[in-house]
Amino acid sequence: MFNALGARIIFCIFLGLVLRSAGVQAADTCMLEMATQYQSRLADRDQRVAQMAGSLAAGERKVIADLVKGDLKSWCTDASPARALTYWKALEKKLTPRLSEGRGEWTAAFAELSQACGSSPESFRNAAFAIDWMYWNRQADTLGVEVADALDIRDFFYEGWVSWYSRQLVSRQIGASQTQSGQSGEPCAAAADRDFLSAGPMREADFLRVLGVVLNVLDRGGRETVRAVAEELDLRDGSIVIYGQDLLELLESPKDLEFLNAVSQELEAWSGPRRSELGRLHGGWARLLELADGDQARVIRVLGVLASMRYWPLEEVGTALARRGQLTCEKLKALEQGAMAYFRLNALDERAALTPSDQKGVIYHYFYPPEYSTRDWKIYHWFGNGHLGCKLALRGADDRLVKYGARSLAQAYEFATLNLGGPSRKAMGLDPRVRPLLEGWEDIDINTEGAIYGGRACRAAAE
Amino acid sequence: MSRSLKLVLCWMFLAGVVAATPVLADERTDSLHEGYQAEAGVRADRLKEGAIQPQGIVALTGDFALVPIPGGGRLNGTHLELELSSDLTGGASGVRRAQVALLNWSHLRVLNLEHNRDENTLLAVEALGVRVPFVLAGDYLAAGNYSIGHAGFGLGYQWQEGVQARQKSSVLGQQPDFHAGSVELVCRLDHQRAVTDRLALRSYQEASYLALMGADGGFEGRDRLRLEGGVSLHYDLTERAPYRLVKRTHPATGEVSTIRVDDEGMRLRWKLLDVRGQVDLTDDLDRRTAGVIVTSGIGGEF
């Protein structure tokens, strides 16, 4: 831990010296302040990781140390989702038998894994992803803590990753802006490489577009809706970020960023001192509306675009902007807040959910409008598709076409992702057949319901 | 569960029973439950000439994770199946049916090889099969009850063995082997109803149309329109409980409550009784027109 902490302090001092010697501009000063904030957060995180790991017995520590040298060697350095299955199997094989009896020991085990990796950012992200994966598959309760608490721990690790990544972007932005000023405004060389901002349309999406047109050969409304969905999604080659153009426009909108900032502060408060407010039915939605001055379209737009895609906008859009020296403090903050809002909305929604009398799942209500609740945990599906519905409605689509557009897209997506769901669930020893189908169908429903709500909200706002 | 859903499920089970009565399912095409199974029983086929052909059968099926994934891990869904049969008089016996499918998911089938003696199929290769799923009833949190449909197609090749048959001259003669490209259209409904936490009733109905286009000396087309159905009763023998109780604390009041979460692991199930059947409305491929199969078995499955 000392090494990691020491390295980070040295990094900060180094960054400060470089900027001072270069004669920092106002924008860079702001960036430097952000870098200091991230650094401070990461240092705090290291301390907490050490505390969390402290409860683990020596035997388990030894097992984890061996894992990091053996089966989980890349845990410290490789956070690609493609490794997740391998990681899962190693954890299950070595740790499950030892930790199944202990309450909360998994938390300590993930913390110990991070410690053993020298608090590497990849180890944070892998720990968070492992908890996420368990949650997606209704296994988070087996971690030995309540599900909502498991999500808080997940978010703790994700925040470590997001802070680290944001700090990297600060360095990149400062480097790019200095290069640009030194070269009389010439674009930096790195920007010429393919990234989110320079990518063309996703080629694979052409097939779906053509299929949509063929299936709607007799229905002009359906054809136009499919075309509109494809345009609004703005799928880009090599990217998993959707709504790209909307996202860039949103980052230029002071009112939207102000709203996101206010939402982030509320989410923090609900996670801590104002937790008891989560007991209020649909209380989150009511507060979101207050913060947006009653503008439902803003709530859906900001959360649907910036807080429905994990940290991908931070990674893809943030990196592309920083390479060009175009990442401002406001944009970086928004991308970082959006990433964490995705996770916190989910964690708070889970904690606030009602226990139904039939004991079948929970009823999510907190961030949804009063007339809506669901047993599907995927709040980001609702908001993300709410934005799609909004955009379709603004193009003139009625409820029927909005429903058709969102449902068609969701069916194609769920069908394609069955290829991922089955194998990964089998690897976890979970039902790889019936439940993925049932879950996919429920997701199609929540997508459609979100899109219809978003469409109506934007239609009303436009009138 | 809503009253209307119960009515729909009851109706579908009834339909499954009715459909199963006159006929017999040839394939164990339940791709919704992955695992390993052994079963034994009897089957009776009605032949075109009116005779009934009874057989005893023993079948073994298994789903394995064999296909490697780039980056680590293996894909599930490689399906193996072997069915041995013997006529009940102690006469001919041997492999009646064998199947190896590289991938046999519920929505996708890739490189599915099959041999079926009773259908005169020396080798059938389904290169690609696509099934679009649709859920009629059921949800993730109570997956013991569902109705799931699939509609799709398969593309492949078949090698049909030439058999002794009456020619146009009414003289009995040997037909040549038939090599053909195949297209199959399928529509299937699967249902499950949890009678108790451990006892489940399953049924299915399937309609399929198989068209073969090939040559046995000249260009020829053959086809088969088949209806299938079945109903079975499964008892969960697994020692651990079928569900977990998950604790939750209310964020405002501190009140503690619990919800039930199904245990999704592989479970040992005793198939108490499985009755399946099929009827071929049109069939140029073999001598059978209908049949019934009754089996019992045991297996570990999801």
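### What to know about the overall build of chain A
And step 1. Within chain A, the regular secondary structure consists of 19 helices and zero strands.
And step 2. The C-alpha atoms of chain A give a radius of gyration of 23 Å, which matches the 23 Å a tight globule of 463 residues would have.
And step 3. By its C-alpha atoms, chain A is 65 × 65 × 45 Å across when sized along the principal axes.
And step 4. On chain A, roughly 18,800 Å² of surface is accessible, and the fraction owed to carbon and sulfur atoms is 55%.
And step 5. Considering chain A, the positive charge centre built from 55 side chains and the negative charge centre built from 61 side chains are found 3 Å apart.

### Looking at the environment of A:D237
All names here are of chain A.
And step 1. By secondary structure assignment, the location of D237 is in the loop between α10 (220-233) and α11 (244-251).
And step 2. Residue classification places D237 among the buried positions, given a relative accessible area of 15%.
And step 3. A sequence separation of 41 residues divides D237 from F196, and the C-alpha atoms of the two residues are 8.1 Å apart.
And step 4. The residues touching D237, leaving out its near neighbours within four places in the chain, are R194, A199, G200, P201, M202, R203 and E204.
And step 5. Of note is the side chain of D237, whose polar atom sits 3.2 Å from the side chain of R203.

### Let's talk about the nonpolar core
Proteins that are soluble and globular tend to have nonpolar side chains buried together.
And step 1. With 133 residues, the main nonpolar core has A:W75, A:F110, A:F157 and A:F367 as its most contacted residues.
And step 2. For this core, the leading source of residues is helix α8 (residues 147-182) of chain A, giving 14 residues.
And step 3. In contact with A:F157, other than residues within four places in its own chain, are A:M52, A:F110, A:A111, A:S114, A:F124, A:A127, A:A128 and A:I131.
And step 4. By size, the runner-up hydrophobic cluster in this structure holds 12 residues, among which are A:L438, A:I444, B:A143 and B:Y146.

### Brief notes about the sheet that holds strand β17 (residues 267-283) of chain B
Strand pairing in a sheet takes place through backbone hydrogen bonds and is either antiparallel or parallel in direction.
And step 1. Ordered in space as β1-β2-β5-β6-β7-β8-β9-β12-β13-β14-β17-β18 (chain B), the 12 strands form a closed barrel in which the pairing is antiparallel. Geometrically, the sheet is characterised by an average inter-axis angle of 20 degrees between neighbouring strands, direction not taken into account.
And step 2. Where helix α18 (residues 399-427) of chain A meets the sheet, it contacts β7 (108-116) and β8 (121-137) of chain B, and its direction lies at approximately 120 degrees from that of β8(B).

### Some details on the environment of A:L335
And step 1. One can find A:L335 in helix α16 (residues 329-352).
And step 2. Filtering out sequence-adjacent residues up to four positions away, A:L335 remains in contact with A:L247, A:L251, A:L306, A:P313, A:L314, A:G318 and A:L327.

### Brief notes about the packing of aromatic side chains
Residue and element names in this part refer to chain A.
And step 1. In the structure shown here, the tally under the stated rule is 29 aromatic pairs over all chains.
And step 2. Between W382 and F383, the aromatic rings sit 5.1 Å apart at their centres with planes inclined by 85 degrees, giving edge-to-face as the arrangement.
And step 3. Judged by relative accessible area, W382 falls into the buried class, the value being 0%.

### Observations regarding the packing of helix α13 (residues 283-291) of chain A against helix α14 (residues 296-306) of chain A
Working note: a packed helix pair is described by the angle between its axes plus the distance between those axes.
Residue and element names in this part refer to chain A.
And step 1. Running from N to C, α13 and α14 cross one another at 105 degrees; their axes reach a closest spacing of 8 Å. Classified by the angle between their axes, α13 and α14 sit roughly perpendicular to one another. Of the residues in α14, those touching α13 at W285, L288 and L289 are Q296, V299 and L303.
And step 2. Class assignment for the residues of the contact of α13 with α14 results in five nonpolar, one polar and no charged.

### Points about the state of the cysteines
Covalent bonding between the sulfur atoms of two cysteines is what defines a disulfide.
Residue and element names in this part refer to chain A.
And step 1. Following the criterion strictly, the structure yields three disulfides over all chains and no others.
And step 2. Disulfide pairing is shown between C30 and C329; the S-S distance is 1.8 Å. With C30 in helix α2 (residues 26-53) and C329 in helix α16, the pair connects residues that are 299 residues apart, well separated along the chain.
And step 3. Between C390 and C458 runs a disulfide, and the two sulfur atoms are separated by 1.9 Å. Linking C390 and C458, the disulfide has an S-S dihedral of approximately -90 degrees and is accordingly described as left-handed. You can see C390 sitting in helix α17 (residues 379-394) and its partner C458 sitting in helix α19 (residues 434-462), a full 68 residues away along the chain.
And step 4. Accessibility expressed as a relative area gives 4% for C458, which makes it buried.
And step 5. If you count the bonded cysteines of chain A from the N-terminus, they pair up as 1-4, 2-3, 5-6.

### Considering the confidence of the model for chain A
And step 1. Chain-level pLDDT for chain A is 89 on average; 91% of the residues reach the 70-or-more range.
And step 2. Segment residues 184-189 of chain A is flagged for pLDDT under 50; beyond a separation of four residues in sequence, or across chains, it makes seven contacts in the model.

### Notes on the pattern of salt bridges
And step 1. Across all of its chains, the model carries 80 salt bridges over all chains by this definition.
And step 2. Note that A:E336 is salt-bridged to A:R41, the shortest N-O span being 2.7 Å. One end of the pair, A:E336, is in helix α16; the other, A:R41, is in helix α2, and 295 residues separate them in sequence.
And step 3. The partner of A:E266 in a salt bridge is A:R274, and the shortest N-O contact between them spans 2.5 Å.
And step 4. Salt bridges linked by common partners bring B:R43, B:D45, B:E83, B:R96, B:R117, B:D118, B:E119, B:R224, B:R226, B:D280, B:D286 and B:R288 together as one network.

### Observations concerning unusual backbone geometry
All names here are of chain A.
And step 1. In this model, D234 sits at a positive phi of 55 degrees, which is unusual for a non-glycine residue.
And step 2. Counting through the fold element by element, D234 comes out in the loop between α10 and α11.
And step 3. With a relative accessible area of 19%, D234 lands in the buried category.
And step 4. In the Ramachandran plot, R310 falls in the positive-phi region, its phi being about 50 degrees despite a non-glycine side chain.
And step 5. Examined against the element boundaries, R310 turns out to sit in the loop between α14 and α15 (312-323).

Scoring rules and cut-offs
Residues numbered from 1 in each chain as written. Chains lettered and ligands numbered in written order. Predicted model: local features only at pLDDT ≥ 70, side-chain atom pairs only at ≥ 80, totals over all residues. Heavy atoms only, no water. Helix = DSSP H or I, 4+ residues; strand = E, 2+ residues; numbered from the N terminus. Rg over C-alpha atoms; globule rule 2.2 N^0.38 Å. Areas by Shrake-Rupley, 256 points an atom, 1.4 Å probe, with all protein chains shown as cover. Lys, Arg positive; Asp, Glu negative; His and termini not counted. Charge placed at Lys NZ, Arg CZ, Asp CG, Glu CD. Buried < 20%, exposed > 50% of the residue type's maximum accessible area, 1.4 Å probe, protein only. Contact = heavy atoms within 4.5 Å. Polar contact = N/O pair within 3.5 Å; in protein donor to acceptor, adjacent residues only side chain to side chain. Core = buried A, V, L, I, M, F, W, Y, C linked by side-chain atoms within 4.5 Å. Pairing = 2+ DSSP bridges. Axes fitted to C-alpha atoms, helices over the stretch in contact; angles between N-to-C directions. Phe/Tyr/Trp six-rings, centres within 6.5 Å; stacked < 30°, edge-to-face > 60°. Parallel < 35°, antiparallel > 145°, perpendicular 65-115°, else oblique. Nonpolar A, V, L, I, M, F, W, Y, C, P; charged D, E, K, R; others polar. Disulfide = S-S within 2.5 Å. pLDDT = per-residue confidence, 0-100. Salt bridge = Lys/Arg side-chain N within 4 Å of Asp/Glu carboxyl O.

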